[in-house]
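Descriptive structure summary
What follows is each chain in one-letter form.
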Amino acid sequence: KRFPSKANMETKTVFVLRFECVSTGKTFDLTYQRLNNISEEIQNHFAKLTDSDGPGRESPSMIGSVVYRNVPKFALQGGSEDRDGQIERTRARGTCIKTEDLGDISEKGMLCFLVREGKICDEFFIGFAPLPHLKGKQVVFARLIEGESNMNELESLGSPSGETTERIKLSIVTYQ
């Protein structure tokens, strides 16, 4: 199934992010439950980012974006555009956020969005551990409910410097 339209966001709360190792084709599915306290603006931002061919899209899609940083015991970061093999990080051009949209990365596997200049970015962040020192600095969007072994495999493809040992892309987002 495709990601739901803005009208269906309120009823569809479970979704799968599928990451793919470009060289091997191996896929890693992570199943998430959207948090209940997410504002409509943030829900709309996520719907816009995951709609691969939606009309009037203002931001690039997350689909096909690359993981540009992977630090074991810390986090995986991605959502940047891949232009001819060159990773280009996005500017802060997303939805303006309110303080109440910021959250606490209290569990392993939480899906967040980066915040720059008071706006949510098109870049995502998955914590490999609870990260209390980042409280109030990220928009925490969803909790991992299935796929911890896949997340651990993704984590193993990182390095202390953040360089990924394999090229990884977000290949699809689907609702269950």
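Below is a summary of the structure that appears in this document. Given the structure is predicted, the values throughout are model-derived calculations rather than measurements. (Residues numbered from 1 in each chain as written. Predicted model: local features only at pLDDT ≥ 70, side-chain atom pairs only at ≥ 80, totals over all residues. Heavy atoms only, no water.)

Let's shift gears to the packing of aromatic side chains. Taken as a whole and assessed by the stated rule, the structure comprises five aromatic pairs. Ring centres of Phe 15 and Tyr 32 lie 5.8 Å apart, and the angle between their planes is 20 degrees; on these two criteria the pair is classed as stacked. A residue pair is termed long-range when its members are at least 10 positions apart, and Phe 15 in strand S1 (residues 14-21) and Tyr 32 in strand S2 (residues 27-34) qualify at 17 residues. An angle of 70 degrees between the planes, with centres 5.8 Å apart, marks the rings of Phe 113 and Phe 141 as edge-to-face. (Phe/Tyr/Trp six-rings, centres within 6.5 Å; stacked < 30°, edge-to-face > 60°. Helix = DSSP H or I, 4+ residues; strand = E, 2+ residues; numbered from the N terminus.)

Counted under the stated rule, the structure contains four salt bridges. In this structure, Glu 153 engages Lys 26 in a salt bridge whose closest nitrogen and oxygen atoms are separated by 2.7 Å. Here the residue Glu 153 occupies a position in helix H2 (residues 148-156), and Lys 26 occupies one in the loop between S1 and S2, the gap between them amounting to 127 residues. The exposure class assigned to Glu 153 is partly exposed, which follows from its relative accessible area of 30%. What makes Lys 26 partly exposed here is its relative accessible area of 38%. (Salt bridge = Lys/Arg side-chain N within 4 Å of Asp/Glu carboxyl O. Buried < 20%, exposed > 50% of the residue type's maximum accessible area, 1.4 Å probe, protein only.)

Turning our attention to the pairing of S1. Across the eight residues that make up S1, a large majority, six, are buried. In the sheet, S1 pairs with S2 via seven bridges, with the strands oriented antiparallel. Its bridge partner lying in S2, Phe 19 is registered against Phe 28. Counting the residues in the hairpin turn of S1 and S2 gives five residues, including Gly 25, whose phi is positive at 80 degrees. Pairing between S1 and strand S9 (residues 168-175): seven bridges, direction antiparallel. Of the residues in S9, the one forming a bridge with Leu 17 is Val 173. (Pairing = 2+ DSSP bridges.)

The next thing to look at is unusual backbone geometry. A positive phi angle, near 65 degrees, is found at Lys 73, a position not held by glycine. Note that Lys 73 resides in the loop between strand S3 (66-71) and strand S4 (75-83).

Where helix H1 (residues 40-50) is concerned, the buried positions are Ile 42, Gln 43, His 45, Phe 46, Ala 47, Leu 49 and Thr 50. On its buried face, H1 sits against S1, S2, strand S6 (111-116), strand S7 (119-127), strand S8 (138-146) and S9. (Contact = heavy atoms within 4.5 Å.)

Attention now moves to the environment of Gln 33. Structurally, Gln 33 is set in strand S2. Linking Gln 33 and Phe 141, residues 108 residues apart in sequence, is a C-alpha distance of 8.7 Å. Sequence-distant contacts of Gln 33, defined by excluding residues within four places in its chain, comprise Thr 13, Val 14, Ala 142, Arg 143 and Ile 145. A distance of 2.6 Å separates the side chain of Gln 33 from the side chain of Thr 13, its partner in a polar contact. (Polar contact = N/O pair within 3.5 Å; in protein donor to acceptor, adjacent residues only side chain to side chain.)

As defined by bridge partners, S2 adjoins S8 across four bridges and the pair is classed as antiparallel. By the bridge assignment for S8, Tyr 32 is matched with Leu 144. Of the strand pairs in this sheet, S6 and S8 are connected by four bridges, and their pairing is antiparallel. If you follow Cys 112 over to S8, its bridge partner there is Val 140.

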